[in-house]
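Examining the three-dimensional arrangement
Each chain, letter by letter, is given below.
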Amino acid sequence: MRLLGTITPDRPLLVVAVQEEAAYLGDSLPVLLTGIGKINATAALATVLARGERPSEIVNLGTAGALRSGWAGTHQVAQVLQHDIDTPVLRALTGRTYGAPIAVSDTPGPTLATGDLFVSDPEARDRLAEHADLVDMEGYALATVAQRANVPLRLIKHVSDEAGAGADRTWRESVDGCARILAEWVRAQGL
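Residues numbered from 1 in each chain as written. Predicted model: local features only at pLDDT ≥ 70, side-chain atom pairs only at ≥ 80, totals over all residues. Heavy atoms only, no water.

1. Topic: the overall build of the protein chain
For the protein chain, the helix and strand inventory stands at 6 helices and 10 strands. For 191 residues, the compact-globule formula gives about 16 Å, and the C-alpha radius of gyration of the protein chain, at 16 Å, lands near that figure. With the C-alpha coordinates aligned to their principal axes, the bounding extent of the protein chain is approximately 40 × 40 × 30 Å. Here the protein chain holds 191 residues, and the buried ones make up 51% of them. Counting only contacts in the protein chain whose residues sit at least 6 apart along the sequence, the fraction spanning at least 24 positions is 74%. Averaging the locations of the 17 positively and 23 negatively charged side chains of the protein chain gives two centres separated by 5 Å. (Helix = DSSP H or I, 4+ residues; strand = E, 2+ residues; numbered from the N terminus. Rg over C-alpha atoms; globule rule 2.2 N^0.38 Å. Buried < 20%, exposed > 50% of the residue type's maximum accessible area, 1.4 Å probe, protein only. Contact = heavy atoms within 4.5 Å. Lys, Arg positive; Asp, Glu negative; His and termini not counted. Charge placed at Lys NZ, Arg CZ, Asp CG, Glu CD.)

Here you go:
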C-alpha cells in the first residue's frame, strides 16, 4: 500500500492496484496504490479512510479482462459481484447471504466479477460470462469498503485482455497503453 498525495474532502481519491496502472496519472489528485487482490485492496482503502479525511469520492481505475469476445474500451461498472465465494453453500450453512452483488452506479453499464484469481482459462472465463461482462481482482473489495464508509465510488475499467489463454502475456503487453487511456479518462472528466 502506498498513498501518493493528501486526501481532502473536496477532491476524489484515485485508487489503482499497481504502479503500472497509475503511471500517467500525475500528482494533481491523491492516488492510492493498493496492491493486487481483494485483501490488499480492502486493507489499503480501509486504512486510509480510517486515518481521518474522506475524499469527495473514490474512483477506482484499472484494467479488466473481457469475459466475451468483442468487449473493448473503457467502462463505468454498474454492478460488481464476487466470483470466488461459494455463496449458495454459505447460505445453506448459515442462512445468510455473503458476497451479494453490489450496485455501484445508477447508469447502465457492465457487471464486473471480482476474485483473487487472474482469469486466463477459457473454461473459467465462460463460466464467469454467464453472470458478468468483465473480471478484475479488486473492484468488489473496494465497493464493500466504500459502501461501509459511506463514500461514493466509481469503478472505471479498461479492457486489457480477453481473460483466456495468454491473458497474462496480453496484460503485460497492454498495461502501459491502458494506463495512458485511464489517465486521459481522468482528464476528460475534469477531475
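2. Regarding the nonpolar core
Leu-45, Ile-58, Val-80 and Val-104 are the most contacted members of the largest nonpolar core, which totals 29 residues. Elements supplying a minimum of two residues to this core: β2 (13-16), α2 (38-50), β4 (58-66), α5 (139-149) and β10 (153-161). Counting residues per element, this core draws most heavily on α5, at 7 residues. Residues in contact with Ile-58, not counting those within four places in the same chain, are Leu-13, Val-15, Leu-45, Leu-49, Ala-146, Val-151, Pro-152, Leu-153 and Arg-154. (Core = buried A, V, L, I, M, F, W, Y, C linked by side-chain atoms within 4.5 Å.)

3. Points about the pairing of strand β6 (residues 79-82)
Examined bridge by bridge, β6 and strand β7 (residues 102-103) share 2 bridges and lie antiparallel to one another. By the bridge assignment for β7, Gln-79 is matched with Ala-103. (Pairing = 2+ DSSP bridges.)

4. Describing the pairing of strand β8 (residues 111-114)
In β8, alternate side chains face the same way, and those of Thr-111 and Ala-113 on one face and Leu-112 and Thr-114 on the other are all buried. Both β8 and strand β9 (residues 134-136) contribute to a ladder of 3 bridges, which runs parallel. Bridging across to β9, Thr-114 finds its partner in Asp-136. In this fold, β8 hands off to helix α4 (residues 122-128), which returns the chain to β9; that crossover is right-handed. (Right-handed = clockwise from strand over helix to strand, strands pointing away.)

5. Topic: the side chain of Lys-38
Following the sequence through the fold, Lys-38 ends up in helix α2. Polar contacts involving the side chain of Lys-38 include one to the side chain of Asp-84, which spans 2.6 Å. In contact with Lys-38, other than residues within four places in its own chain, are Gln-82, Asp-84, Thr-114, Gly-115, Asp-116, Met-137 and Ala-141. (Polar contact = N/O pair within 3.5 Å; in protein donor to acceptor, adjacent residues only side chain to side chain.)

6. Some remarks on α2
If you check α2, its first and last C-alpha atoms are 18 Å apart, about what 13 residues at 1.5 Å a residue would give, namely 18 Å. Of all the residues in α2, the buried ones are Lys-38, Ala-41, Ala-44, Leu-45, Val-48 and Leu-49. Taken down its axis, α2 places every buried residue within 145 degrees of arc, on the same side. Counted as exposed and oriented over 90 degrees from the buried face of α2: Ile-39 and Ala-50. Phi turns positive one or two residues past the end of α2, at Gly-52, with a value near 145 degrees. (Expected span 1.5 Å × (residues − 1). Arc of directions from axis to C-beta.)

7. Here we look at the packing of α2 against α5
Describing two packed helices takes the angle between their axes plus the distance from one axis to the other. Taken N-terminus to C-terminus, the directions of α2 and α5 make an angle of 25 degrees; their axes are 8 Å apart at the nearest point. In terms of axis orientation, α2 runs roughly parallel to α5. The hand of the α2/α5 crossing is right-handed. Here Lys-38, Ala-41, Thr-42, Leu-45, Ala-46 and Leu-49 of α2 lie close against α5, whose contacting residues are Ala-141, Leu-142, Val-145, Ala-146 and Ala-149. Tallied by class, residues from the contact of α2 with α5 come to 9 nonpolar, 1 polar and 1 charged. (Axes fitted to C-alpha atoms, helices over the stretch in contact; angles between N-to-C directions. Parallel < 35°, antiparallel > 145°, perpendicular 65-115°, else oblique. Left-handed = near helix turned anticlockwise from the far one by under 90°. Nonpolar A, V, L, I, M, F, W, Y, C, P; charged D, E, K, R; others polar.)

8. Thoughts on the side chain of Lys-157
For Lys-157, the position within the fold is in strand β10. The class for Lys-157 is buried, based on a relative accessible area of 1%. Engagement of the side chain of Lys-157 in a polar contact is seen with the side chain of Asn-60, the distance being 2.7 Å. Once residues lying within four places of it in the same chain are set aside, the contact partners of Lys-157 are Asn-60, Gly-62, Thr-63, Ala-64, Gly-73, Thr-74, His-75, Val-77, Leu-112, Leu-134 and Asp-136.

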